[in-house]
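# Working through the structure, step by step
The primary structure of each chain is shown beneath.
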Amino acid sequence: MRRAVFPGSFDPLTNGHLDIIKRSAPLFDEMIVAVLNNPDKSPMFTAEERCGMIREVLPSVDTSSCKMRVESFSGLTAEFARKSEATAIVRGIRAVSDYEYELRMALMNRRLEPAIETVFLMAGEEYSYVSSTLMKQVFELGGRVNGLIPELVEAKMRAKQNR
Ligand code: PNS
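Residues numbered from 1 in each chain as written. Predicted model: local features only at pLDDT ≥ 70, side-chain atom pairs only at ≥ 80, totals over all residues. Heavy atoms only, no water.

### As for the packing of aromatic side chains
Quick note on the threshold: Under the pairing criterion, centres of Phe, Tyr and Trp rings, with the six-membered ring standing for Trp, must be within 6.5 Å; the plane angle then separates stacked pairs below 30 degrees from edge-to-face pairs above 60, leaving the rest tilted. Working definition: with a 1.4 Å probe on protein chains only, accessible area under 20% of the residue-type maximum means buried, over 50% means exposed, and in between means partly exposed.
One pass over the structure, following the stated rule, counts 2 aromatic pairs. Relative to phenylalanine 10, the ring of phenylalanine 6 has its centre 5.3 Å away and its plane inclined at 75°; by these criteria the two rings are edge-to-face. Side by side, phenylalanine 6 and phenylalanine 10 carry an identical accessibility label, which is buried.

Here is the structure:
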């Protein structure tokens, strides 16, 4: 059983995240999309809302025969992965600028849980500039984000804005 954890803030889910899920899923039997519950960061969406959106969007993604689960977690990713009996942590790298941060996290996670490997996938080039932070910023300033985030996520962002 090859089980992986794909951790992140997912505030909100982008098509870049979905691309990583789609391309990493065939490598594993099971994957847990692990949504960090970090209220200190004052996210746009609560962890429950983020999990809900991912659960709604995932059926539209071809995840091969990989069984998908979505869970929220707090605390350390490495500990969550160990408790989930995962052997891999999946992360996407977009540009060189991601590398240093990802390297530090991977090394720290390996120190914490030596049996768990971090597996990196290069982001699809069409999403290499897409981040949740940028999507929120552009959306809030009235720019177009269609094609970069799922339509359902865009609708939820619009609903939040109108509130
Ligand atoms: O989507 P993000 O914000 O790039 O994801 C970052 C995340 C959630 C993977 C990272 O912040 C994380 O692992 N947080 C949990 C706390 C933790 O384990 N910190 C030490 C990492 S070495």
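### Quick notes on the layout of surface pockets
Defined as follows: As defined here, a cavity is a set of points on a 1 Å grid over the protein atoms alone where a 1.4 Å probe fits but cannot get out. A pocket is an open set with protein on both sides within 12 Å along at least five of seven lines, and residues line them when an atom is within 4 Å of a point. Grid points are joined across faces, edges and corners, and a volume is the space filled by probe spheres set on the points. Segments assigned H or I by DSSP are reported as helices when at least four residues long, segments assigned E as strands when at least two residues long, and all are numbered from the N terminus. Asp, Glu, Lys and Arg are counted as charged, while Ala, Val, Leu, Ile, Met, Phe, Trp, Tyr, Cys and Pro are counted as nonpolar; the rest, among them Gly, fall into the polar class.
Reported here for the largest pocket is a volume of approximately 1,000 Å³. The wall of the largest pocket is formed by 43 residues, among which Pro7, Gly8, Ser9, Arg91 and Tyr101 lie closest to the centre. If you list the elements that add at least two residues to the lining of the largest pocket, you get strand S1 (3–8), helix H1 (15–24), helix H3 (77–83), strand S4 (88–93), helix H4 (96–112), strand S5 (117–122) and helix H5 (132–140). When residues of the lining of the largest pocket are assigned to their parent elements, the largest contribution, 8 residues, is made by H4. Residues of the lining of the largest pocket, tallied by class, amount to 20 nonpolar, 15 polar and 8 charged.

### Observations regarding the nonpolar core
Test applied: By nonpolar core we mean a set of buried residues, namely Ala, Val, Leu, Ile, Met, Phe, Trp, Tyr and Cys, connected to one another through side-chain atoms within 4.5 Å. The contact criterion used is simple: two residues touch if any of their non-hydrogen atoms lie within 4.5 Å.
In terms of nonpolar packing, the biggest core is built from 35 residues, with Ile54 and Val90 touching the most fellow members. With 5 residues, helix H2 (residues 47–57) is the largest single contributor of residues to this core. The residues contacting isoleucine 54, other than those within four sequence positions of it, are Phe10, Leu13, Val33, Val35 and Val70. One finds Ile32, Ala34, Phe80 and Ala86 within the second-largest nonpolar core, a separate group that totals 9 residues.

### Details of the packing of H2 against helix H6 (residues 151–162)
Our working definition: Orientation is described by lines fitted to C-alpha atoms, with helices fitted over the stretch in contact, and by angles between N-to-C directions that extend from 0 to 180 degrees. The hand of a helix crossing depends on one turn: near helix anticlockwise from the far one by less than a right angle means left-handed, and clockwise means right-handed.
At a minimum axis distance of 10 Å, the contact between H2 and H6 shows a crossing angle of 150°. For H2 against H6, the interelement crossing comes out right-handed. On H6, the residues touching Glu49, Met53, Glu56 and Val57 of H2 are Leu152, Val153, Lys156 and Lys160. Its residues placed into classes, the contact of H2 with H6 shows 4 nonpolar, no polar and 4 charged.

### Quick word on the site of the ligand
What counts here: What makes a residue near a molecule or strand is one non-hydrogen atom of that residue sitting within 4 Å of it. Throughout this description, a polar contact denotes any pair of N or O atoms lying within 3.5 Å of each other; where both atoms belong to protein, one of them has to be capable of donating a hydrogen while the other can accept it, and for residues adjacent in sequence the pair is counted only when both atoms sit in side chains. Using a 1.4 Å probe, the Shrake-Rupley method yields the accessible areas, and only the shown protein chains count as cover for residues. Any molecule with more than half of its atoms within 2 Å of a cavity's or pocket's grid points is regarded as sitting in that cavity or pocket.
Taken together, Gly8, Ser9, Leu36, Gly75, Leu76, Thr77, Arg91, Tyr101, Met105, Met108 and Asn109 are the residues near the ligand. Here an oxygen atom of the ligand and a side-chain polar atom of serine 9 are 2.6 Å apart. One nitrogen or oxygen atom from the side chain of arginine 91 is found 3.0 Å from an oxygen atom belonging to the ligand. Out of a free accessible area of 550 Å², the ligand has 74% covered by protein chains. The cavity that encloses the ligand is the largest pocket. Here the element with the most residues in the shell around the ligand is H4; it accounts for 4 residues. For the shell around the ligand, the per-class residue count stands at 5 nonpolar, 5 polar and 1 charged.

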